[in-house]
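This is what each chain is made of:
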Amino acid sequence: MMTQSKVSEFVNKQRQFFQTGKTKNVEFRIETLKRLEQAIEENKDPIIQALKADLHKPGFEAYFEIIGVLTEIKYALKNLKNWTKAQKVATPFHQFLSSAKVYHEPLGVILIIGPWNYPFNLIFTPLVGVIAAGNCAILKPSEIASHTSSVIADIIQKTFDPSFITVIKGGVETSKELLSESFDHIFFTGGTEIGKIVMSAAAQHLTPVTLELGGKSPCIVDDSVHIEYTAKRIVWGKFSNAGQTCTAPDYLLVNQKIKKDLLNSIKEQIQKFYGDDPSTSHSYSRIINQRHFYRLSELLKDGRILVGGDTNLEVLYIAPTVIDQVSWKDKIMQEEIFGPILPVVEYTELSEAIHLVNKQPKPLALYFFSSNKKNQESVLQSTVSGGACINETVMQLTVPGLPFGGVGASGFGRYHGKAGFDTFSYQRGVLNKSFLLDLKWRYPPYAQKK
Ligand code: NAD
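Residues numbered from 1 in each chain as written. Predicted model: local features only at pLDDT ≥ 70, side-chain atom pairs only at ≥ 80, totals over all residues. Heavy atoms only, no water.

Asks: Looking at this structure, how should I read the sheet that holds strand E3 (residues 109–113)?
Replies: Pairing between the strands of a sheet is mediated by backbone hydrogen bonds and can be parallel or antiparallel. Strand order in this open sheet of six strands is E5-E4-E3-E6-E7-E17, and the pairing throughout is mixed. Every other strand in the sheet has two partners, leaving strand E5 (165–167) and strand E17 (411–412) as the edge strands with one partner each. As paired strands, E3 and strand E4 (residues 136–140) are joined by five bridges and run parallel to one another. Considered in E4, the bridge of leucine 111 is made with isoleucine 138. The sheet strands contacting helix H6 (residues 146–159) are E4 and E5, and the helix crosses E5 at an angle near 150°. (Pairing = 2+ DSSP bridges. Helix = DSSP H or I, 4+ residues; strand = E, 2+ residues; numbered from the N terminus. Contact = heavy atoms within 4.5 Å. Axes fitted to C-alpha atoms, helices over the stretch in contact; angles between N-to-C directions.)

Put into structure tokens, the structure is as follows:
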């Protein structure tokens, strides 16, 4: 564990580096993004291996994590000059002979705290925004995904001067030490309870925060869908990374008219994706640790298991599982599942499903499957969620032009693409006036007539 004074030293060095003004230069930012891109390209194999060691993550899914970051870098490189341009705004009549512009200024030294589920992507994607906006960064990856954490530290150490970008490895105590320092922005991805701790620590320094939290993201299916495609997209979104995805569909709300057909198709897709025994599949991840394994095993006691249900503590395996006949009072419907268990609830009228969703805290994502445009509009209009997909799951976060983040209990603040640039910048409004003329009437003493 790092001592408090060592942590302070890192922060102070970055503050000094920031004050040199080097990071404000747009060419420097472009150069930095290119170096990051190259470092990631050169380290694809170690990253994929580390993700395998931490989560038994299939190579394809690990590659997906990496591609997500590379796409963000490319998007930032393409748009950065445009984003950083000062924007002219109109001036009111009484400010004639002046111009007004909005400048996008970097904030300074940013702290990024990451989780273990997409441990590479969720440190590097926010870092792209941090660099694009012209800041320094301290990265604190999750100690739970220890192999990935080490690879991240290695890449950053080899690529950047620590007074510009550095990694501080460690667990909760290190995180607390970091949080006692003064930063210019804290970007946190993790659980809701820890989010509250981060926010109250940040409040001591009046530091703005972005909280990327979790929650129960609903997946609603009406009776106008293509059954097979719907099943495939749900199974993929739910069971990739063994369900340990913040945006995974947490529970399924299905129209009772198609429930039987959809569940049959979901069962079939699970078998097609992961075989008769998913524990032998190369495409299926493991649970991150024993704590989460025990937590998830408890949830298997609710309802009636339709598919899966097998577990193996030794290899931290929990089969892709579908559970029917759950009640809202069951634990599985009360907390974020964050694992490979899909509870199913049926409804008769769409309004009933909307009502059930709206009774829960605001989720990070909402998925609605329907071919009916009116129903699509109705669900989007009458629910609240950080992001949403129609006829798809999870893929919203692969579009750099879509701001990503939560609302209410699932967090606040946005990143990806321009939203990331905006989060790590502040807007400085500047009025610039000419000396050509100076109207006397604005100054005291004020005449009554004025
Ligand atoms: P977590 O909150 O336990 O840990 C996240 C980070 O916080 C880690 O780096 C950890 O070291 C640090 N931390 C833990 N306890 C702390 C404390 N008391 N004080 C200060 N720092 C502390 O989250 P996790 O278990 O790594 O991730 C799972 C959660 O993250 C789920 O709820 C999931 O939905 C959420 N998540 C959200 C997103 C998103 O983009 N919104 C993405 C991934 C995960």
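Asks: Just checking my understanding: could you explain the packing of aromatic side chains for this structure?
Replies: Each aromatic ring pair is described using two quantities: the centre-to-centre distance and the angle formed by the ring planes. Throughout the structure, instances matching the rule amount to 17 aromatic pairs. Residues phenylalanine 28 and phenylalanine 164 carry aromatic rings whose centres are separated by 5.1 Å and whose planes lie at 55° to one another, so their mutual orientation is tilted. Here phenylalanine 164 lies in the loop between H6 and E5 and phenylalanine 28 lies in helix H2 (residues 26–42), a separation of 136 residues in the sequence. The two residues phenylalanine 28 and phenylalanine 164 agree in class, both being buried. Seen from their ring centres, tryptophan 116 and phenylalanine 338 are 5.4 Å apart, and the 70° between their planes marks the pair as edge-to-face. Taken as a pair, tryptophan 116 in the loop between E3 and helix H5 (121–132) and phenylalanine 338 in the loop between strand E13 (321–324) and strand E14 (341–347) lie far apart in primary sequence, 222 residues in all. You can call tryptophan 116 buried: its relative accessible area is 9%. The class of phenylalanine 338 is buried, set by a relative accessible area of 16%. Here the aromatic residues Phe17, Phe28, Phe160 and Phe164 are joined through ring pairs into a cluster of three or more. Geometry around tyrosine 118 places lysine 57 over its ring, the cationic atom sitting 3.8 Å from the centre. (Phe/Tyr/Trp six-rings, centres within 6.5 Å; stacked < 30°, edge-to-face > 60°. Buried < 20%, exposed > 50% of the residue type's maximum accessible area, 1.4 Å probe, protein only. Lys NZ or Arg CZ within 6 Å of the ring centre and 35° of its normal.)

Asks: So what exactly am I meant to see when it comes to the domain arrangement of the protein here?
Replies: By a widespread convention, an interface's size corresponds to the accessible area lost as its parts come together. We note that the domain assignment places domain 1 (4–213 + 406–432) and domain 2 (218–398) within the protein. Counting residues at the interface gives 19 residues for domain 1 and 26 residues for domain 2. The contact between domain 1 and domain 2 buries some 1900 Å² in all, and 61% of this surface belongs to carbon and sulfur atoms. Our count for the domain 1 to domain 2 interface comes out at eleven residue pairs in polar contact (both at pLDDT 80 or more). At the level of secondary structure, the elements contributing two or more residues to the side of domain 1 that touches domain 2 comprise helix H3 (44–55) and helix H4 (59–84). When grouped by side-chain class, the residues that make up the side of domain 1 that touches domain 2 number nine nonpolar, six polar and four charged. (Domains from an automatic or database assignment. Buried area = accessible area lost by both parts, 1.4 Å probe. Polar contact = N/O pair within 3.5 Å; in protein donor to acceptor, adjacent residues only side chain to side chain. Nonpolar A, V, L, I, M, F, W, Y, C, P; charged D, E, K, R; others polar.)

Asks: In this structure, what is going on with the environment of leucine 431? I would like to understand it.
Replies: For leucine 431, the location among the structural elements is in strand E18 (residues 425–433). Look at leucine 431 and you get partly exposed, because its relative accessible area is 48%. Remark: the alpha-carbon pair of leucine 431 and tyrosine 415, spanning 16 residues in sequence, is separated by 29 Å. Once residues within four sequence positions are removed from consideration, leucine 431 is found in contact with Thr91, Gln95, Ser98, Ser99 and Ala100.

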